[in-house]
Amino acid sequence: MTRRTNSLLSVAGLAALVVVGSAFTHPAVPPVSKRVAVTSPVRATDTPSPVADATPQAAINIDWRVLAGLDYTNGKATDTLKKLEGKQVRIPGFVVPLDDFQEEGAEFLLVPYYGACVHTPPPPPNQIVMVEMSGKKSVKLNLFDAVWMSGTLKIASVESPYGTVGYTLEGLKVEPYSAK
């Protein structure tokens, strides 16, 4: 009887170790409000609406995986990315002001994660978008909050204070990030 009890305790102890051990091997997931969710990538079969009819509400949601389709060493882009050239898009990301301590501006960078370009080496050019707001309309620039940036996308290499940028976007609308 003692042998059976000991083996049951060993199984229970082993199960407890597995549960406790797995709690330390899996990274904590930040709250949804602090994460930038990845939207579904645009597929080659998607047919964007014409720019003439597009409004910020009709913009095509894209994510940074689509923008990574630009080979910035030779300027070649995927077919999906080529189809988005000159189209209205909506990209989630974080704002990086071009001047230190700038709280408002009509030109800024959009990057995929908080803090990119500021205190670390910048992301590759295919992960940075230079935004120029339409009509030079000044918008609030907050480094800490994720946003949805809507506007007309162009594949264009541009130099910024933080390095080479792979895209420009004529900004139409900046809105707080939400999962929708």
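Residues numbered from 1 in each chain as written. Predicted model: local features only at pLDDT ≥ 70, side-chain atom pairs only at ≥ 80, totals over all residues. Heavy atoms only, no water.

Colleague: Which parts of the structure should I look at to understand the pairing of strand S7 (residues 129-133)?
Modeller: As a general feature of sheets, a regular strand has side chains that alternate between the two faces. The buried fraction of S7 amounts to four of the five residues, a majority that puts the element mostly inside the structure. Summarising the sheet, strand S6 (residues 107-111) and S7 pair through four bridges and their orientation is antiparallel. Of the residues in S7, the one forming a bridge with Phe108 is Val131. Alignment of S7 against strand S10 (residues 163-176), held across five bridges, turns out to be parallel. Residue pairing across strands places Glu132 opposite Glu170, the latter belonging to S10. (Buried < 20%, exposed > 50% of the residue type's maximum accessible area, 1.4 Å probe, protein only. Helix = DSSP H or I, 4+ residues; strand = E, 2+ residues; numbered from the N terminus. Pairing = 2+ DSSP bridges.)

Colleague: Explain the pattern of salt bridges here, please?
Modeller: Pairing of side chains with opposite charge becomes possible as their charged atoms draw close. Taken as a whole and judged by the stated rule, the model has four salt bridges. When the shortest N-O distance is used, the salt bridge between Glu175 and Arg90 registers 3.2 Å. Of the two residues, Glu175 sits in strand S10 while Arg90 sits in strand S4 (residues 88-97), which places them 85 residues apart along the sequence. According to the relative accessible area criterion, Glu175 is partly exposed, its value standing at 22%. Each member of the salt-bridge network shares a partner with another, and the members are Arg90, Lys173 and Glu175. (Salt bridge = Lys/Arg side-chain N within 4 Å of Asp/Glu carboxyl O.)

Colleague: Honestly, the packing of aromatic side chains in this entry has me stumped. Any pointers?
Modeller: For any pair of aromatic rings, the description consists of the separation of the ring centres together with the inter-plane angle of the planes. Counted under the stated rule, the structure contains three aromatic pairs. Arranged with centres 5.4 Å apart and planes meeting at 25°, the rings of Trp148 and Tyr177 form a pair that is stacked. Of this pair, Trp148 sits in strand S9 (residues 146-160) while Tyr177 sits in the segment after S10, placing them 29 residues apart in sequence. Each member of the aromatic cluster is reached from another via a ring pair, and the members are Phe94, Tyr114 and Phe144. (Phe/Tyr/Trp six-rings, centres within 6.5 Å; stacked < 30°, edge-to-face > 60°.)

Colleague: What's the story with the environment of Leu141 in this structure? I'm lost.
Modeller: Note that Leu141 resides in the loop between strand S8 (139-140) and S9. Using a relative accessible area of 8% as the deciding quantity, one classes Leu141 as buried. Distance from Leu141 to Phe108, taken between C-alpha atoms, is 8.2 Å for residues 33 residues apart in sequence. Setting aside residues no more than four positions away along its own chain, Leu141 makes contact with Val95, Pro97, Gln102, Glu103, Glu104, Gly105 and Phe108. (Contact = heavy atoms within 4.5 Å.)

Colleague: Looking at this model, I keep getting lost on the environment of Ala106. Mind explaining?
Modeller: Within the secondary structure, Ala106 sits in the loop between strand S5 (104-105) and S6. Expressed as a C-alpha distance, the spacing of Ala106 and Lys136, which sit 30 residues apart in the sequence, is 5.2 Å. With near-sequence residues (within four places) excluded, Ala106 lies in contact with Val131, Glu132, Met133, Lys136, Lys137 and Ser138.

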